[in-house]
Amino acid sequence: MTQAPTPTADTVRRLVRTLLKDSPPGAAEAGGPEVRPVAEGAEHSTWWVGTRHVLRLADDREASTRRRRELRLRDLVRPHLPVAVPTSLAQGEWAPGLAYTLDTRVPGGSAEEHDVSAVGEADLAGLLTGLREVPVRQAEALGVPRVAPRSLEALRREAGRAAELLRAADEFDPVRLQQLTSPAAVQLAAQPGSAVLVHHALTGEHLVVSADGRVRGVIDWTGTVVGDPAEDIAGLALAVGSPAAVRAATLAGYGARPCLRGLWLARCDTVIRLAAGLEGRAGASLSLLRTRLGRAWEAILLERVTELRDEPDDAEL
């Protein structure tokens, strides 16, 4: 396999100069706009271009396929969402077989920079509602994959092993995981027919939040799947904390089962990922992993999982 070239500031600047050559005066000045890499959450090579654009460079052919699919997917989801989705101004290849997209920048910071307000939680509820309204068949026709729900029982066992490592490092008390018993994990299995469009990465770096706490947009739709809506509830727990995530999901019409399932997906994931981070196997910083673990393990009122029987998904919380 041919090694993908490494983009440099000069590479980006030359490409941007070409893309913006027909823009209004001042958009592509003689030296080109300022370009700088995006450090936060940059799965692929991502660069700020001036103050209004973002250039994303796929680093392999699989990423290029997801990038091209994302362009069509964003057009599909945009009418259903109350928050902004980036618009592509240009697309093509920056190296043979490797795609790029030049997108508009959604104004605001990330949820790691700004706290989400109560009104912002309503924005998140609208986001979850909108995702559920996107026609699944149309998404699949674009190539969005359908993914089976994860086994909460298997995740519980993996988290138990990781928790022992964290106990040895004085990072976490494994007793806290005992709330999620094996019968409870079975009770919280995803329900048949519940698959919806799932962003699958609603973590802080992908939520655009304004200084007043409103959620203004969602970025990076490359990992979107058709699957378990609890995955997005789990992502929000990592981004804004479990209480806010459950409040938003409840406002969006989700009942006890998907809310609790999302809560425990987030809690198990954060234990596993922090253990991996301590062993040098995680891409995120230990500081961020610890912050996310703290958010996921914030107490909520809806935690009496042993009392959950066969309530419908719109059960009263």
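What comes next concerns the included structure.

1. Quick look at the packing of helix H7 (residues 230-240) against helix H8 (residues 242-251)
Line of reasoning, step 1. At a minimum axis separation of 7 Å, H7 and H8 run at an interaxial angle of 140°. Classed by the angle they form, the pair H7 and H8 counts as oblique. The chirality of how H7 crosses H8 is right-handed. Note on element contacts: H8 touches H7 through Ser242, Ala244, Ala245 and Ala249, opposite Ile233, Leu236, Ala237 and Val240.
Line of reasoning, step 2. A breakdown of the residues in the contact of H7 with H8 according to their chemical character gives 7 nonpolar, 1 polar and no charged.

2. What to know about the sheet that holds strand E5 (residues 98-104)
Within a sheet, each strand pairs with its neighbour through backbone hydrogen bonds, oriented either parallel or antiparallel.
Line of reasoning, step 1. Here we have 5 strands laid out as an open sheet, ordered E1-E2-E3-E5-E4, and antiparallel in their pairing. The open sheet terminates on both sides in strands that have one partner only, identified here as strand E1 (35-37) and strand E4 (88-95). Adjacent strand axes in the sheet meet at a mean angle of 25° when their direction is disregarded.
Line of reasoning, step 2. The pairing of strand E2 (residues 45-49) with strand E3 (residues 53-57) spans 5 bridges and is classified as antiparallel. Residue pairing for E3: Val49 is matched across the bridge by His53.
Line of reasoning, step 3. Contacts from helix H2 (residues 61-77) reach E3, E4 and E5, with the element oriented near 35° to E5.

3. Looking at the pairing of E3
Line of reasoning, step 1. Of all the 5 residues making up E3, 5 are buried; the element is thus mostly covered by neighbouring parts of the structure.
Line of reasoning, step 2. Residues His53, Leu55 and Leu57 of E3 are buried on one face, and the alternating residues Val54 and Arg56, pointing to the opposite face, are buried as well.
Line of reasoning, step 3. In sequence, E2 turns back onto E3 through a hairpin of 3 residues, with Gly50 there showing a positive phi of about 60°.
Line of reasoning, step 4. Here E3 runs beside E5; their pairing, made up of 5 bridges, is antiparallel. The residue of E5 that forms the bridge with Leu55 is Leu102.

4. What about the side chain of Asp123?
Line of reasoning, step 1. Here Asp123 lies in helix H3 (residues 118-133).
Line of reasoning, step 2. Residues in contact with Asp123, not counting those within four places in the same chain, are Pro82, Val83, Arg214 and Val215.

5. Re the sheet that holds strand E6 (residues 109-110)
Line of reasoning, step 1. If you walk across this open sheet you meet the 3 strands as E6-E8-E9, and the pairing is antiparallel. In this open sheet, the two strands that pair with only one neighbour each are E6 and strand E9 (215-218).
Line of reasoning, step 2. Pairing geometry for E6 and strand E8 (residues 207-209), over 2 bridges, is antiparallel. Across the sheet, Gly109 pairs through a bridge with Val209, a residue of E8.

The rules we used
- Residues numbered from 1 in each chain as written.
- Predicted model: local features only at pLDDT ≥ 70, side-chain atom pairs only at ≥ 80, totals over all residues.
- Heavy atoms only, no water.
- Axes fitted to C-alpha atoms, helices over the stretch in contact; angles between N-to-C directions.
- Helix = DSSP H or I, 4+ residues; strand = E, 2+ residues; numbered from the N terminus.
- Parallel < 35°, antiparallel > 145°, perpendicular 65-115°, else oblique.
- Left-handed = near helix turned anticlockwise from the far one by under 90°.
- Contact = heavy atoms within 4.5 Å.
- Nonpolar A, V, L, I, M, F, W, Y, C, P; charged D, E, K, R; others polar.
- Pairing = 2+ DSSP bridges.
- Buried < 20%, exposed > 50% of the residue type's maximum accessible area, 1.4 Å probe, protein only.

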